[in-house]
Structure formats: C-alpha cells, structure tokens
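Coordinates in review
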Amino acid sequence: MSGNASARLCDMTVHELQGMLARGQVSSREITCDVLARMDEVEASIGAYVTIDREESLRSADAADAAIARARRDGDLGSVGELAGIPVALKDNVCTHGMRTTCCSKMLENFIPPYDATVAERLRAAGAVIVGKTNMDEFAMGSTTETSIFHVTRNPWDPGRVPGGSSGGCAAAVAAGEAAAAIGSDTGGSIRQPASFCGVVGMKPTYGRVSRYGVVAFSSSLDTIGPVTRDVHDCAIMLNAIAGRDERDSTSAPDAVPDYSEYVDRGVRGLRIGMPKEFFGPGMSDGVRSVVERAVRALESAGARIVEVSIPLVEHALAVYYLVATAEASSNMARLDGIRYGYRPEGRADVDVADLMSLSRGQSFGMEVKRRIMLGTFVLSSGNFDSFYGRALRSRRLLKEEVERALTECDCLASPTAPTVAFRFDEEPDDPLAMYLQDIYTTLANLAGVPAISVPCGFANEMPVGLQIMGRMFDEGTLIQVGRAVELGSGIGGRRPVVGGCAK
Amino acid sequence: MTERGDYEVVVGIEVHAELATESKVFCGCKTDFGARPNSQTCPVCLGMPGALPVLNRRALEYTIRAGLALNCSIARWTKFDRKNYFYPDLAKGYQISQYDIPIAHDGYIDIEVDGQPKRIRVRRVHLEEETAKLVHAGDDIISSNQSLLDFNRSGIGLIEIVSDADMRSADEARAYLTKLRSILVALGVSDCKMEEGSMRCEANVSVMPKGSKEYGTLAELKNIASFRAVHRAIQYESARQIELVRAGGRVSRETRHWDDARGETAFMRSKEQAADYRYFPEPDLMPLEIAPGWVEEIRSGLPELPDARAARYVGQFGLPTSDAAQIAESRELASFFDSVCDALAKAGQAQAADGPREAAKWLVGDVSAALNAGGIELSQSKLAPELLAELIGLVGSGKISGKIAKSVFEEVFARGVRPGDVVRERGLVQISDAGELAAIVKRVIEANPGPVADYFAGKERAIGFLVGQIMKETRGRANPQETNRILKEELAKRS
C-alpha cells in the first residue's frame, strides 16, 4: 500500500506515517489537520464520532512534533514514543481523563472520567494524538452501532449499510480516513465484525493480553480491548503499544510481550491452518463463502497446509455466550444507579432512593440494554442459576477445551468473521435473536479466551468480507503472520472506500 | 403445659469485623477513621465505570491469621463472588464477597460461663468489602429529607465470622463475643470497636423444647451496637418466642430490628421479602491458590492468644485463674502487665517472686476501677508500667504500707509522678524501727487508759482502737505487723 503518491495523509497507514515523520517529511500537525479535514468532509454522512477534540488534538500533535524534532536533532529517534504524532480514535467506552466518555448511553451522556483507562494512558505515553471518541452500540450491546443514543454510523463503503458493531464508529473512522487507527472493545465480536463490514483489520487479543482497566465493563470475563487498523502491520504496531501486564487489572497476564511487528513478514510456509468444519455449514451467505474459500486457497498457495478440524460443541457457543455475557452485564450495569454520577431524572426531589434509582435507570437505558439486564438478572436468580449460568460456565469450559484441542492439530483456525457482508439499514432483522446470529463465528474466541483477528480478504456484492483467524492463547504473533499473508493473497491491497467525494 | 424453663434458647452469631489494614481491600486508599468525608476514595472504591479491584494481599493474610487463631482449616483454593443488590451505599451495585468457598472454615472458640467450659464452633470466616456510610441530614432518619454518603468506608476490608448455633443463652453469646473480640484484637487484625462500627454483630435466635433435637424457626436480630445490647436483645427475643410458642403460636422466619432505647425487637422483613443476591463468581479477580507454606508461615507468626497467655500467667506467675483470664483478655492490659513484670524483674528485688501477683491485683483492682471511673483506656492514662512496678517495690520492701500505697497510687494515677517522689515529698515512709514504734506505742497506751482497761477486761476489740490511735499519730505510716506485735508485747508487760 505504500508509495501511493496520490494518497492523502489521512488515508495512510500508521507505518507509512511513522516513516515520514521520522524522516521529517511531514509533521504530526499536518497529519492531524488532514484527519480533521477529512472529518469535516465526511462526518455528516458517516457519523463515526461522538466527541472530537480539535484543540487538544492539535496541542498533542505539536507536542509530538517538538519531541520528534528534538530526537532528530539528537540523532536519537528511539527516544520518541512509537506512536508519536499518530492520530488515533478511541471507542467511547474507553475512559479518557477530562474527555466525555458516554458509552453512547443517556446514562453517561455527561460523564467526564477523572482518570484514563490504561490503554488510553499507554497510547498517550507512546505519543499518540487522541483525536476523539467513536460511536458504538449503547454499552457495546449490539452488532450495528444503531443502539447508540447519538446517531447512526454509516458504512463508508455504502452509506445505506450498517458499519457493524458494537465498535462500528472505530471501524468506520479507520476505513474513512478519520483516524489512522482506533482502539475498540470486543466481547463477542465487537471489533472483528465491524472490521469485516468496513474492510479494515480488527483484532481481539488474548483475554488478559491488554488491560481492561478503565474500559467500561460489559462482560468482564469476555471483554477484550484491541486495535482497528488499515492493515495487519499497523495492527502489530498498535498491539505493541497497548499489550502487557497492568497491576490495576488482576486478570491481565504477566506473560512477556514480543515485538509483534517482527511477525509481519514471516510468511505462512509450513503453518497448519485449521478449518473448523462446523463453521462452513449452512448459515453463511454464498458471497461470503466463496470469498473466504478463495482466501484460504490463497494461503495454501503461499505455503500453508490446510487441515480440517472439528469443534462439535460450537453450536452451543452462541447460547453459552448470551448467558455468560448477559449475566455479567446485569451485574456490571448495577453501578449505574444515578447516585454518584450519571443520569438523574429532573425535578423529582420527592422520590425515595429506590425510585430514584429505578427512574434513573428506567429513563436512561435503551431497550437492548434493558433486555440484556433482565435476561442476565433472570439467569443469575436463585432457582435458575444452576440450569442457566452454572451450566453455561461448565459448557464454556468444555468449549475452551475443544478449541485448545483443535489448536493442537493446527497452528490457527480460519473462518469467516461474519455470516454476511454489511446489511442495509432496511434489511436488518427485527428479531433480536436473528441479530444475535451475527456473532455466530466470533463469540467462540471470547468464550475460549483465545486471540482472533479479522482481515479483509475480498469483496462480495462490492462490500468487504473479513477472514477470521483464531490462534492459541498469547499467540497473537501467528495471527499477525497469517493475517499479513491473507492481505497479500487477497489482491485487494489498498482498496479504499469512496468517501466524501474523494475517490482513491 | 410447658413452663418457660422447659425451653432451650439456641443462638448463632455472625460478626463483621473491619480489617486494620492500612489500605482498603481492593484499592490503595487509606482506611484512617474520622478523615474528612470522601477524602480517602478513588475510582475503584467509588465504583466508577471501568475501575477494577485488585486484592490487598495483607487483607488476605489477616483473614488467614484470624482463621488460624479461630482453629479453622484454610482453603487451598478459593475465590470471590459478587453479591448483587441495590443500595446507595453500595458503590458498584454489588459487594465483592465470598459465597461457597470461604477462606477459613470449621474452627471453634472455647468459652467459659459460670466456670463451665464450652466449645462454640466457627463455621466460616470470609473476606469481603465494606459499604459506604450513609449519614442522614437533620434530626433523625424520619424527618431527614436528604442523605449524605461518605465513601471513605467503602472498600475497607471486612471479615465475616459465622458461628454454629451452639450457644444456649445470652450469657454464652456474650462470652463468645468477648472471647472473639479479644482474639481478633490480640491478632491485630481488627480493632473491634463496636462504638466506631468496626465490629458489628447479628444474632440468630430460636427456641426449642428442652431435649429436642430439632431447632425452632429462627429470627435474625440486626442493629445490635454493643455487647450489652446483644445480651439484652437475645434475652428479649428468646422470651418473646417462648411466650409465643407457649400461647400456641408459631415463630416465623424473619429479620427483626433491635431497638435499644425501647429494649425490644421489632419486625423488619420476612424471609420472603429477602433479596435474591444472585451470587456469581467475581470475574474481575483471579481465583486464589493459598500456598500451604504461606499458611504455616502465618501460623508460626501468630502472637500469643488470650487463652495461652492466661495459662502462662497462671503457670509462670501463679496468678489466680480469674485475674489471669481478665488480664489476658485485653491486649492492652496484658502488655501493660508484661511490662510491669519486666520492670520488676529488672529491679531484681527479692520480692520479685510476689511482684506479678501484686501487679495483677493492682490491675484488676485499683487500676481498672480508676480507669472505669475516669472513662478512659489504659493507654490514655498517665500510669506507666515502671511507675506501678516501683509502687509494688515500695510495698514489697516495706518502705510503705499497703494502705499508704493506695493513696500514693491515686496520686501517681492522677499526675503520672514517681511513687518514690510522692512518698518522699509527703513523708510517707513506713515506720518499722522497733525502738521508734515502741516509743509511740507506749505513748498511746498511757494516753488511753480506758481502752487498755477494756482490753484487760477481755474486750479484744479494744486493741483495734489502740492501733487506730497509733496510725493516727503516725499518719498511717506505722508498719502494721510490727505495730501489732509491739503493742501486744507492751500490753503483755502491763498485764
């Protein structure tokens, strides 16, 4: 993708921009201004952001420029952060000190965190320019970004289609050149599915690889934080910046963090890529199937060995996922009671405290959030616990064992990311259960805790299709390696959506 | 018709004790009591979105320490669970607690009531977090139209200690609590101040016909703020239940509120109204593996506990059992006593063998009385162990009499001055010199012919009057034994 002379700064990859910044060919202010300009051009039609902080962006761009200039003068470019001067967007459930963090809910519409999430802190430390907060499904509950209280986000490839969700704002922003990269969260596919829909790369790292501290919890045992980028190399760079043990998150892993960019060019010769046969049954659209099968054949031509594997229990993954996720969500949402922060009904000084909480929650949570809270409350209630939550935990353990066993027969698993390409706003299923099927290929990785990446591998009906690669625990390196091979084999390198009237 | 005495009272007790760790159980905030409201808070204990708990290892250690001291087994593997309910003092809408696998389980405490030893089983000890403190503005909760929240308390480590229903009277319940508190305080895991709320208790009370094997339906008593209240509440509640059952009624499973001012329990809520806490494993914390080696390390570092200490006092110093128990029960009293004994030994006086018994007598007698009268703790008084040791030395060496010592003590206690100085300044040195005493005795005999005649007439009591006169003359400084001896001698000469 490099060497495209006509490319605007806002459409370039992080590694391209890094090189130009290091060589002094461009300033962070120029890059940031171009990104802000792109926002001006397309936000009205895309709606990727809920908060844009121009002044602060330019201030940190200037600070990055000063640091880079100093480092160039001293001949010590290693002293500047890896992301110095790179404009990055954060999903609006990542707490940012002093910058509104709403989870796109009326409940937190005016919530300004007094602290940074660890990922935000690490990005700042790496010199990144945080340009704003992106749209999402309310509290990350959804697959279309439509449950946001603010506005819909449109797919940059076709404004009549959804960007996916819940990190739809992240994926749309990166696809549309409104940020060089973004950080999203993935509980059941919320990074990968929108990445697939918007033709960008999205990774859900191993559970524990990236700190969850300061990212508003949806389902604590499933939530992961990861990058959304224009290519696989950028994914490695972003992961480098955010991965690693955090003392503030007890579930973050102490395992050493390799330099993921070293995996980019390793190729796939000799790697065994498993195709879970259960993932290639009915339910997948024909367009997606043929693109994915072609991508797998391309990996084979690149030297990988394709093996068929089986994960028989996978048919239960979605049920297990919705039991675990809603149970934990019902508890995680409980702190949002309007007492210490968050929405409060106005002019109701006469209500008692129980009513105050009920009104705060009742008036500020959307339907999908309420549905999941009720579902989760039900599955945890005494009398139901064993038959629902208890059984889900046991099934989850078995599923994890099956995934781990399958991963002894191969080095990673390949499948579609989503059963379809991005759908039109008007063809979307009304039945919430049908919508939950969007997560059919993605929830397994969250339940098993393993890492997974979605990489654009082709187009069906002029819409991007993502290939999902799932790997072993803490083996993000292999995903980068295979992901890059997918990218190379897809033959779509550099294809960008036409946005804001500027074709590429 | 069954009599009231035909019923047996069954009591089980749940105690919550705040851990005396410097920081909170899941964040680094301080735990100082009485700090400015909401000054010891952070995103974690305020339940901010995205904040996550991190276990304070010291809190776990304290819980294990308490478990070991209560003769419990320590879990090899345990975990935390979320207890879900809504209340404004509960920052996260759930309390991080432990549901089915407590850190410590199956221990016991030995108590003694009216000389009868008894073993009360401790079912479990688990670790959880405190809630915030609600303060109702205005005169009382009814007239108050707003409540204020202080999150300084939110997230302080709390251990819950649950006994089996092994107590059979209010006295046993009080003895259990007293012993439990003395153990926890001796361990340093909690300061157990009921008045500051760092120790709270709930009593489960039921009654059954004597000899029955089946417990009656229990009522759970809440809002008990002192040991005295525990005793009264159990007495009231058991009497209420016995009366109810005797009248043909049935006790219902309910939570009752103890009203200390009225001395009554009142219905709060029935079991059916109890919240469904929807416990599930806390996903933000990893399960805990407790290494047996660490547990043994903690065990070997346990301080001397009250029972062992009392036994030592009896064995080493020959203290009466009741004095030994009373001193050993209070960490403050015991460490004071130990210091007095050290000081006595250092002084190396011949009477050192008797010293500890004297020290104990002082501590359970005059010292305790003076503390009670002043409403203060030993640490707040001006009395230092060296001062008491010196006073005991003065009596032991015959410098002053026991009676004089009491008046010297008053001054030492009030002003913290050295007993020797008081004795010198006020000229209180005991007169033991036989010649000096004989002269005084002779003077008194000559000045009191009447009582002397009475004495010879067989009125033994007259001798008391004469001794009194001698004491008056010497302002109490006459050595009582010597005085008696010489007086009898002199009188014998005159018979």
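As the structure is a prediction and not an experimental result, all values here were calculated from the model.

Rules used throughout
- Every chain's residues receive numbers from 1 upward, in the order its sequence appears when written.
- All chains are assigned letters beginning at A, and all ligands numbers beginning at 1, according to the order in which they are written.
- A pLDDT threshold of at least 70 governs which residues receive local features in this predicted model, and a stricter bar of 80 or more applies before side-chain atom pairs are shown or counted, although totals over entire chains, interfaces and linings include all residues.
- As a convention, hydrogens and water are excluded, and side-chain values are obtained from all of the structure's heavy atoms.
- Only DSSP runs of H or I reaching four residues or more are called helices, and only runs of E reaching two or more are called strands; each is numbered from the N terminus.
- Values of the radius of gyration come from C-alpha atoms, whereas the globule rule sets the reference at 2.2 Å times the count of residues to the power 0.38.
- To sort residues, take the accessible area from a 1.4 Å probe on protein chains only and compare it with the maximum for the residue type: under 20% means buried, over 50% means exposed, and anything in between is partly exposed.
- Contact criterion: two residues are considered in contact whenever any of their non-hydrogen atoms come within 4.5 Å of each other.
- Here the buried area means the combined drop in accessible surface, using a 1.4 Å probe, for two parts upon being joined, counting both sides.
- Salt bridge, as used here: a side-chain nitrogen of Lys or Arg that lies within 4 Å of a carboxyl oxygen of Asp or Glu.
- Polar here means any residue other than Ala, Val, Leu, Ile, Met, Phe, Trp, Tyr, Cys and Pro, which are nonpolar, and Asp, Glu, Lys and Arg, which are charged; Gly is therefore polar.
- Any two strands with at least two DSSP-identified bridges between them are counted as paired.
- Axis lines are fitted to C-alpha atoms, over the contacting stretch for helices. Their N-to-C directions set the angle, which ranges from 0 to 180 degrees.
- What a helix is expected to span follows from its residue count: subtract one and scale by 1.5 Å.
- For this analysis, a nonpolar core means a set of buried residues of the types Ala, Val, Leu, Ile, Met, Phe, Trp, Tyr and Cys, connected via side-chain atoms within 4.5 Å.
- An angle below 35 degrees is treated as roughly parallel, one above 145 as roughly antiparallel, one from 65 to 115 as roughly perpendicular, and anything else as oblique.
- Two helices that cross are described as forming a left-handed crossing if the nearer one is turned anticlockwise from the farther one by less than a right angle, and a right-handed crossing if clockwise.
- Cysteine sulfur pairs qualify as disulfides if the two atoms are within 2.5 Å.
- Ring geometry is summarised as follows: Phe, Tyr and Trp rings, the Trp one being its six-membered ring, pair when their centres sit within 6.5 Å, and such pairs are stacked at plane angles under 30 degrees, edge-to-face over 60 and tilted between the two.
- Charges are assigned to positions over rings by a cutoff of 6 Å between ring centre and Lys NZ or Arg CZ, combined with an angular limit of 35 degrees from the ring normal.

Turning our attention to the overall build of chain B. The number of helices and strands found in chain B is 15 helices and 16 strands. Relative to its length of 495 residues, chain B is extended, with a C-alpha radius of gyration of 30 Å against a globular reference of 23 Å. By its C-alpha atoms, chain B is 95 × 60 × 50 Å across when sized along the principal axes. Here chain B holds 495 residues, and 51% of them are scored as buried. Considering only residue pairs separated by 6 or more positions, chain B has 69% of its internal contacts joining residues 24 or more positions apart.

Contacts between the two partners involve 38 residues from chain A, matched on the other side by 31 residues from chain B. Together, S250(A), R335(A) and R340(A) form the three largest contributors to the area buried by chain A at its contact with chain B, with a combined 23%. Scanning the region where chain A abuts chain B turns up one salt bridge. Two residues, R212(A) and D284(B), come together in a salt bridge whose shortest N-O distance is 3.0 Å. Every element with two or more residues in the side of chain A that touches chain B is listed here: α9 (317–332), α10 (353–364), α11 (367–380) and α12 (386–409) of chain A. Looking at the side of chain A that touches chain B residue by residue, the classes come out as 20 nonpolar, ten polar and eight charged.

To continue, consider the sheet that holds strand β11 (residues 463–471) of chain A. Residue and element names in this part refer to chain A. Taken in spatial order, the eleven strands line up as β1-β3-β2-β4-β6-β5-β10-β11-β9-β7-β8 in an open sheet, and their pairing is mixed. Every interior strand has two partners, whereas the edge strands, β1 (49–52) and β8 (305–309), have only one. Within the sheet, the average angular offset between the axes of one strand and its neighbour, ignoring direction, is 30 degrees. Strand direction decides the pairing type here: strand β9 (residues 412–416) and β11, joined by five bridges, are antiparallel. Within β11, the residue paired with C412 across the bridge is G471. Against the sheet, helix α3 (residues 54–74) touches β1 and β3 (129–134), its axis set at about 155 degrees to β3. Relative to strand β10 (residues 452–460), helix α15 (residues 476–490) is tilted by about 10 degrees, and along the sheet it contacts β5 (201–204), β7 (272–276), β9, β10 and β11.

The next point concerns the sheet that holds strand β5 (residues 94–97) of chain B. What holds strands together in a sheet is hydrogen bonding between their backbones, with the strands either parallel or antiparallel. Residues and elements named next belong to chain B. The antiparallel open sheet is built from three strands, whose spatial order is β5-β4-β15. Strands at the two margins of the open sheet, each flanked by one partner only, are β5 and β15 (280–281). Two elements, strand β4 (residues 81–84) and β5, share four bridges in a ladder whose sense is antiparallel. Residue pairing in the sheet places N84 in a bridge with Y94 of β5.

Residue and element names in this part refer to chain B. For helix α2 (residues 170–187), built from 18 residues, the straight-helix expectation of 26 Å at 1.5 Å per residue is met to within 8% by its first-to-last C-alpha distance of 26 Å. Where burial is concerned, most of α2 is hidden: 13 out of the 18 residues are buried. Remark: G188 follows α2 within two positions and exhibits a positive phi of approximately 80 degrees.

It is worth spelling out the pattern of salt bridges at this point. Within the structure shown, the criterion is met by 69 salt bridges over all chains. The partner of R424(A) in a salt bridge is D158(A), and the shortest N-O contact between them spans 3.5 Å. Separated by 266 residues along the polypeptide, R424(A) in the loop between β9 and α13 (432–436) and D158(A) in the loop between β3 and α5 (168–175) bring together distant segments of the chain. A salt bridge links R256(B) to E237(B), with the shortest nitrogen-to-oxygen separation between them at 3.3 Å. Placement of R256(B) in strand β13 (residues 254–259) and of E237(B) in helix α3 (residues 227–246) is noted, with a sequence separation of 19 residues between them. Overlapping salt bridges, with partners in common, bring together R8(A), D11(A), D34(A), R38(A) and E41(A) in one network.

Right, let's talk about the nonpolar core for a bit. Formed by 154 residues in total, the largest nonpolar core has its most connected members in L83(A), L123(A) and F139(A). A per-element tally of this core places α9(A) first, with ten residues. Apart from the residues within four sequence positions on either side, L83(A) is in contact with V14(A), Q18(A), L123(A), A126(A), G127(A), A128(A), I237(A), M238(A) and A241(A). Core analysis: the second largest hydrophobic core is formed by 66 residues, A17(B), A66(B), F227(B) and V230(B) among them.

A few words now on the packing of α9(A) against α12(A). Residues and elements named next belong to chain A. Two numbers describe how α9 lies on α12: the axes approach to 9 Å, and their chain directions differ by 125 degrees. Classed by the angle they form, the pair α9 and α12 counts as oblique. Judged by the sense of rotation from one axis to the other, the crossing of α9 with α12 is left-handed. In contact with A317, V320, L323, V324, A327 and E328 of α9, α12 contributes F388, Y389, A392, S395, R396 and L399. Residue composition of the contact of α9 with α12, grouped by class: nine nonpolar, one polar and two charged.

This part takes up unusual backbone geometry. Residues and elements named next belong to chain A. Cis rather than trans, the peptide bond between G165 and S166 has omega equal to 10 degrees. Even without being glycine, T145 reaches a positive phi, approximately 70 degrees. Summarising the element assignment, T145 is placed in the loop between β3 and α5. Residue classification places T145 among the buried positions, given a relative accessible area of 0%.

It is worth spelling out the packing of helix α1 (residues 57–69) of chain B against helix α4 (residues 292–300) of chain B at this point. All names here are of chain B. Relative to each other, α1 and α4 sit at 65 degrees, their axes nearing to 10 Å. With respect to α4, the axis of α1 lies roughly perpendicular. Handedness of the α1/α4 crossing: right-handed. Contacts from R57, L60, E61, I64, R65 and L68 in α1 reach W294, V295, I298 and R299 in α4. Across the contact of α1 with α4, the residue classes break down as six nonpolar, no polar and four charged.

Using the criterion set out here, one finds zero disulfides over all chains in the structure. Looking at the unpaired C412(A), the closest cysteine sulfur is the one in C410(A), lying at 6.6 Å. A relative accessible area of 0% means that C412(A) is categorised as buried. Not engaged in a disulfide, the cysteine C72(B) finds its nearest cysteine sulfur in C192(B); these two sulfurs lie 15 Å apart. Of the residues examined, C72(B) reaches a relative accessible area of 7% and is grouped as buried.

Per the counting criterion, the structure on display carries 21 aromatic pairs over all chains. Where Y313(B) meets F337(B), the ring centres are 4.6 Å apart and the plane angle is 70 degrees; that geometry is what we call edge-to-face. Here Y313(B) is found in helix α5 (residues 306–317), whereas its partner F337(B) is found in helix α7 (residues 331–347), with 24 residues between them in sequence. Taking the centre distance of 5.2 Å and the plane angle of 35 degrees together, the rings of W362(B) and F409(B) count as tilted. You can see W362(B) sitting in helix α8 (residues 355–374) and its partner F409(B) sitting in helix α10 (residues 402–415), a full 47 residues away along the chain. By the ring-pair criterion, three or more aromatic residues cluster together here, those being Y85(B), Y99(B), Y277(B) and Y279(B). When the ring centre of Y263(A) is taken as origin, the NZ or CZ atom of R266(A), which lies over that ring, is 4.2 Å away. Its guanidinium or amino end placed over the ring of W294(B), R57(B) lies 4.1 Å from that ring's centre, counting from NZ or CZ.

Before going further, it helps to examine the pairing of strand β1 (residues 7–18) of chain B. All names here are of chain B. Within β1, eleven of the twelve residues are buried, which leaves it mostly tucked inside the rest of the structure. Bridge analysis of β1 against strand β11 (residues 199–209) gives eleven bridges, and the strand direction is antiparallel. Residue pairing across strands places V11 opposite V205, the latter belonging to β11. One ladder, built from five bridges, connects β1 with strand β10 (residues 157–163); its direction is antiparallel. The residue bridging E18 from the neighbouring strand is L158, located in β10.

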